[in-house]
Every structure is written in structure tokens, then in C-alpha cells.
Amino acid sequence: MAMPLKGNAIHADPRGNVAIGVFIALTLFVAGLLWAKWLPYAGKAAGAHRTHHWSGSSVLTVGGVHTGDRPTWHAAATFFHAYVSSIWPALVVALLISASVQALIPRPWLPRVLNRHGRLSSALAGGVAGMPSMMCTCCAAPVAVTLRRNGVTPAAAIAYWLGNPLLNPAVLVFLLFVAPWQWSLTRLVVGTATVLSVGAAVGWLSRPSGRGPTPPRAMAPPADDESAGRPRRFVRALLWLMLFLLPEYAVLVLTVGAFRGFLLTLGQPAHRGLLLGLLLVAVVAIAGTLMVIPTAGEIPILQGLALLGASSGTIGALLITLPAVSVPGAAMVARSFGWKATAAATGVVVVAGLLGAAVLSLL
């Protein structure tokens, strides 16, 4: 009689461990986002609705950097400090969510939810899944990498990455309260099309030669030891994310900060012919994918450009490309998605920026 009881205990214990792990992961997700995103953004939305004014300043001009300034350590360091001061709560939460997904959530669960038969439907699922977390492109990158490692298709995982900044419901509300309604509509329509298009394009590029999911790319942490305790796997996953993703992230943020004087030059208005004006919008769309900004950081940048007389094409392009992709974010996800897929995603975002310019100009 002792043997069956022992066997039942063996089978019951793992199920109990799974339930505890899932509960801890959900608690980290909800409590972390309440602290870093949901409650602060509710306060900002209330203030924006009351005053119809955005109180934040442009992160690109901190430290007294002006248009055309040469790269300096001062420009890099002041930008790094301002940017990290703004996003560190979201980055901490993103790392904790990523580690908990790797260590505490059974691997088949997320692919079962996000992986669909078609690339567009997978992209839609990933984009919708990214809306509640409302992170910037860099903070969403560790979670996207973890989703890919856990078997989520490239289409769904990269749509999650871009859905965070482009379909952020808080930013859409902020724009509606403090900017012309055309900005919100452009962001919603073109942002949705961008997420779906990037997901479909990356899914097509990553399609396997046969059937079945494409395995994740290199640079993954050691395979999980199922005999190891969940706390140990959680710590190991967290350390891997910190050691392999954060150093290059810091270096690239410093680099973008150092060169922001040149990037600011592209947004300045000037009297040009139609052809040169279109070329400028294209260059601005490309430059927008290089910059790294915190969540809603595009609002004061675009408001400042509008006050200086920037064209609607410039503003429409940056509405899409500024939040969607950045050099640090692309570098963080490239090892999991591959450089070809990451470059394709960036290219689609640039084209979407041109579409945003056209839509806002027509509106």
C-alpha cells in the first residue's frame, strides 16, 4: 500500500510546484507592471486630460546638447543618465518577467497561446499580448528573446516586441489628450499595420524548409536542468539576461547619446523642393530607427519639432519609427531572431514610417 501512495506523492508534487511557479510568475507580472507602468501612467493620463499639456521634456536635448553638436562623452553620459533614470523600473520588471517565464512557466504554455496557423494571426496574437506591458523597445527586448527561446514563433515574438511601443494604449491616450487627434489616429492605424507586416515578414523569412517551428538562434543560456530547483533556474536565467544583454545595451545607448546632435539636425525644418523634402522624410524615417527613447519619449520630441515648424511628413514618420526600433533594441533581439530577420523588421518599420508621413500629411 505504501508504494502507490509514494507514487501518487511523486506525481502530485511536480503539479504543485508548477502551480506555485505560475502563481509567482503572474504575481511578478501584475505587481511589477502596476509599479512600473499601470499606476504611473494612470496618473500621467489624468494630468494630461486635465491640463492638455505634456510635462516631460525631450530626452534628446538633456545636458545642453543642441542641433549639430559633435559627439562628446558629456553628450553620451548625460543621455545615458536621463534615459536609464526614466526606464529603469520597466527594465527591472522586464528582466524579472523574462526570468520567470524561462524558469517558472511550463514551456508548452506560451507557444500554445501565441503560435497560430498563419503568420498574420500569430503576429496579431503577439501584438495584442504586448499591449498590457506597454514597454519601450529596449525593455520589451528581453521578454521577446525569452518568448523566442521558449518556442514562440518569430512572427508572434517580434510582434510582441513591436506591439509594446507601437500599440501602447497609454501612449495613444496621451497623444489624444496633448496632441492633435490626427497623431493618435496615424499612430493607431499605421502602428497596427506595422506590427502585422513585420510579424508576417519575419515569419516568412524564418520559415523552415519543412514543417514545424524554427529553432531559436544561437547565444542561448545552458539548457534547463529539470532536476534543478525552480529558484535556481530563475536565478540562472536572470543572470544570463543581465550578463549577455545589458552590457551591449549600455554601450549602444551611450553611442546613440553621443551622436544625438547629428540626429537632431535631421528633424530641423528647412525650405526645400518637393523631391528634397521627400528625401528628407526618408532620411528622418531611417534616423528614427536609430534613436532610443523611453516610453512616450516621442511626445515632447514631436511637439518640439512641431513648434519649430517641422513638416507633417517628418512628424508622421517619427511617430512610427522613433518608438518602434532602436539600435540597442535591435542588437538585443538579433541573436535570437537572426540579423536577417532583424534587418527586415527594421526595413519594414522604415517603410511604415514613410506611410505614417503620408497618412498624417493627408489628414
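Just so it is clear, the structure is predicted and the values come from calculations on it, not from any experiment.

Asks: Looking at this structure, I do not really get the nonpolar core. What am I missing?
Replies: Across soluble globular proteins, you tend to see nonpolar side chains buried next to one another. In terms of nonpolar packing, the biggest core is built from 98 residues, with Tyr83 and Trp161 touching the most fellow members. Looking at this core, the element that brings in the most residues is helix H2 (residues 73-104), giving 13 residues. Beyond its immediate chain neighbours, meaning those up to four positions away, Trp161 contacts Thr137, Ala140, Ala141, Ala144, Val325, Gly329, Ala330 and Val333. Residues Val281, Ala285, Ala317 and Val350 belong to the second largest nonpolar core, which totals 5 residues.

Asks: Help me understand the packing of aromatic side chains, please; the structure alone is not making it clear to me.
Replies: For any pair of aromatic rings, geometry is given as the distance between the ring centres together with the angle between the planes. Scanning the entire structure with this criterion turns up 7 aromatic pairs. Centre to centre, the rings of Phe29 and Trp38 are 6.4 Å apart; their planes meet at 75°, and the pair counts as edge-to-face. On the basis of relative accessible area, Trp38 is assigned to the partly exposed category, the value being 27%. Following the ring pairs from residue to residue traces out a cluster consisting of Tyr41, Trp54 and Phe174.

Asks: Looking at this structure, how should I read the state of the cysteines?
Replies: Under the criterion given, the structure shown has 0 disulfides. Among the cysteines around Cys138, which has no disulfide bond, Cys136 carries the closest sulfur, lying 5.5 Å off. According to the relative accessible area criterion, Cys138 is buried, its value standing at 0%.

What counts and how
- Residues numbered from 1 in each chain as written.
- Predicted model: local features only at pLDDT ≥ 70, side-chain atom pairs only at ≥ 80, totals over all residues.
- Heavy atoms only, no water.
- Core = buried A, V, L, I, M, F, W, Y, C linked by side-chain atoms within 4.5 Å.
- Buried < 20%, exposed > 50% of the residue type's maximum accessible area, 1.4 Å probe, protein only.
- Helix = DSSP H or I, 4+ residues; strand = E, 2+ residues; numbered from the N terminus.
- Contact = heavy atoms within 4.5 Å.
- Phe/Tyr/Trp six-rings, centres within 6.5 Å; stacked < 30°, edge-to-face > 60°.
- Disulfide = S-S within 2.5 Å.

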